[in-house]
Amino acid sequence: AKGPVRLTGTVVHRNPFLVFVQDDTGGCFALLPNRDVLLLPGDRVELTGTVAANKGVTVAPHGVVVVGRGPVPPPRRVDRAAALAPTTLGEWVEV
């Protein structure tokens, strides 16, 4: 479903354009509006933006707030088929 979203989770990975965030219910990736935002694995963040049907979130220009720091959660163990399934898109998994 598309629409506005606000979520809090832990950064598990970051590349120049995307950040991957995980919480107890799952994970997603977020397209960052500004590559100058420094986020590191373990940062607890609140993201505000718009969710897309692909489990991705487009973050609003000022929609990233670091609310704390902690350990990176362990990846969820899955088999190869599950790792390639659309239901795990954006999730921190290990095969």
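Just above, that's the structure.
Residues numbered from 1 in each chain as written. Predicted model: local features only at pLDDT ≥ 70, side-chain atom pairs only at ≥ 80, totals over all residues. Heavy atoms only, no water.

A.B. asks: Help me understand the overall build of the chain in this model?
C.D. replies: When helices and strands are counted, the chain shows one helix and seven strands. In the chain, the succession of α and β elements from N to C terminus is β-β-β-β-β-β-α-β. Taken against the 2.2 N^0.38 rule, which gives 12 Å for 95 residues, the C-alpha radius of gyration of the chain at 13 Å falls within 12% of a compact globule. The principal-axis extent of the C-alpha atoms belonging to the chain is close to 35 × 30 × 25 Å. With 95 residues in all, the chain has 33% of them scored as buried. In the form shown here, the chain has an accessible surface area of approximately 5800 Å², with 60% of it arising from carbon and sulfur atoms. Of note, the chain has its 10 positive side-chain charges centred 5 Å away from the centre of its 8 negative side-chain charges. (Helix = DSSP H or I, 4+ residues; strand = E, 2+ residues; numbered from the N terminus. Rg over C-alpha atoms; globule rule 2.2 N^0.38 Å. Buried < 20%, exposed > 50% of the residue type's maximum accessible area, 1.4 Å probe, protein only. Areas by Shrake-Rupley, 256 points an atom, 1.4 Å probe, with all protein chains shown as cover. Lys, Arg positive; Asp, Glu negative; His and termini not counted. Charge placed at Lys NZ, Arg CZ, Asp CG, Glu CD.)

A.B. asks: Sorry, what's going on with the nonpolar core here?
C.D. replies: For soluble globular proteins, nonpolar side chains are generally found buried alongside one another. Membership of the largest hydrophobic core comes to 13 residues, with the highest contact counts inside it found for Val-19, Leu-39 and Leu-47. Looking at this core, the elements with two or more residues in it are β1 (3-14), β2 (18-23), β3 (26-31), β4 (43-51) and β5 (56-69). A total of three residues in this core trace back to one element, the largest contributor, which is β5. Every residue in contact with Leu-39, bar those within four places of it in the chain, is listed here: Val-11, Arg-14, Val-19, Leu-32, Val-45, Val-64 and Val-66. (Core = buried A, V, L, I, M, F, W, Y, C linked by side-chain atoms within 4.5 Å. Contact = heavy atoms within 4.5 Å.)

A.B. asks: Would you take a moment to explain the side chain of Arg-14 for this structure?
C.D. replies: Structurally, Arg-14 is set in strand β1. Residue Arg-14 is classed as buried on the basis of its relative accessible area of 19%. Polar side-chain contacts of Arg-14 include one of 2.5 Å to the backbone oxygen of Val-37. Ignoring sequence-local partners within four residues, the contact set of Arg-14 consists of Val-19, Leu-32, Arg-35, Val-37, Leu-38 and Leu-39. (Polar contact = N/O pair within 3.5 Å; in protein donor to acceptor, adjacent residues only side chain to side chain.)

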